[in-house]
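# Descriptive analysis of the structure
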Amino acid sequence: AQSVAQPEDQVNVAEGNPLTVKCTYSVSGNPYLFWYVQYPNRGLQFLLKYITGDNLVKGSYGFEAEFNKSQTSFHLKKPSALVSDSALYFCAVRPLYGNNRLAFGKGNQVVVIP
Amino acid sequence: NAGVTQTPKFRILKIGQSMTLQCTQDMNHNYMYWYRQDPGMGLKLIYYSVGAGITDKGEVPNGYNVSRSTTEDFPLRLELAAPSQTSVYFCASSPQQGSYEQYFGPGTRLTVT
């Protein structure tokens, strides 16, 4: 079965500084990988995904993520954080073949300090 | 285009009561999902459906039931509510499996007391 680890509970970063949210995964075979963001009292919104090809994928709101197969990681990054980036971020994985289920990590709270 | 809508937004139930959480999508997606979100636990899949008339259990199906009579609707039924079912429930949909991202509704916050 697939699983995701997001090791940090909360990430604090000063506005304007680089933001990184870490994600490692476990899945049989090659993965589909996703990042979602959740603002308070809202549903999850899709940010970006890795399917195949270039290991660096770009998504919404200036976010990008780097797929590293040898380290089974898919860290989310933003070069310059904004206060409005403060939210809960979820990493998710599913295998290319097999079941239809996404496995979500527990989420990381990001706090951007003005 | 409303996307995925859920009703109600909030609900308080007494132990042993039953209710149905409604979910509707207007994107003609075949795949629909129900998740529950508990603090620090991420999202857990309750049930999912790959099309009208077809449903399957997820990780945490006990205490819940679903049906899928149309492409648009995927209601979640709670029978004999228990305090352990206090959670935020999200419905999601996707065009098909594989590389397609899921689109989420705004959620239903349920408290069982």
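Residues numbered from 1 in each chain as written. Chains lettered and ligands numbered in written order. Predicted model: local features only at pLDDT ≥ 70, side-chain atom pairs only at ≥ 80, totals over all residues. Heavy atoms only, no water.

### Points about the sheet that holds strand 7 (residues 64-66) of chain B
Residues and elements named next belong to chain B.
- The strand order 1-3-8-7 describes an open sheet built from 4 strands, whose pairing is antiparallel. Edge strands, defined here as strands with exactly one partner in the open sheet, are strand 1 (4-7) and strand 7. Pairwise comparison of adjacent strand axes, ignoring direction, gives a mean angle of 20 degrees for this sheet.
- Where strand 1 and strand 3 (residues 19-25) come together, 4 bridges link them in antiparallel fashion. Bridging across to strand 3, Gln6 finds its partner in Cys23. (Pairing = 2+ DSSP bridges. Helix = DSSP H or I, 4+ residues; strand = E, 2+ residues; numbered from the N terminus. Axes fitted to C-alpha atoms, helices over the stretch in contact; angles between N-to-C directions.)

### Digging into the side chain of Arg68 of chain B
Residues and elements named next belong to chain B.
- By the element assignment, Arg68 lies in the loop between strand 7 and strand 8 (76-78).
- Although buried, Arg68 forms no salt bridge, and the nearest oppositely charged side chain, Glu72, lies 7.5 Å from it.
- Within polar-contact distance, the side chain of Arg68 engages the backbone oxygen of His29 at 3.3 Å.
- Every residue in contact with Arg68, bar those within four places of it in the chain, is listed here: Gln25, His29, Asn30, Met32, Ser49, Val50, Gly51, Ala52, Gly53, Thr55, Asp73 and Phe74. (Buried < 20%, exposed > 50% of the residue type's maximum accessible area, 1.4 Å probe, protein only. Lys, Arg positive; Asp, Glu negative; His and termini not counted. Salt bridge = Lys/Arg side-chain N within 4 Å of Asp/Glu carboxyl O. Polar contact = N/O pair within 3.5 Å; in protein donor to acceptor, adjacent residues only side chain to side chain. Contact = heavy atoms within 4.5 Å.)

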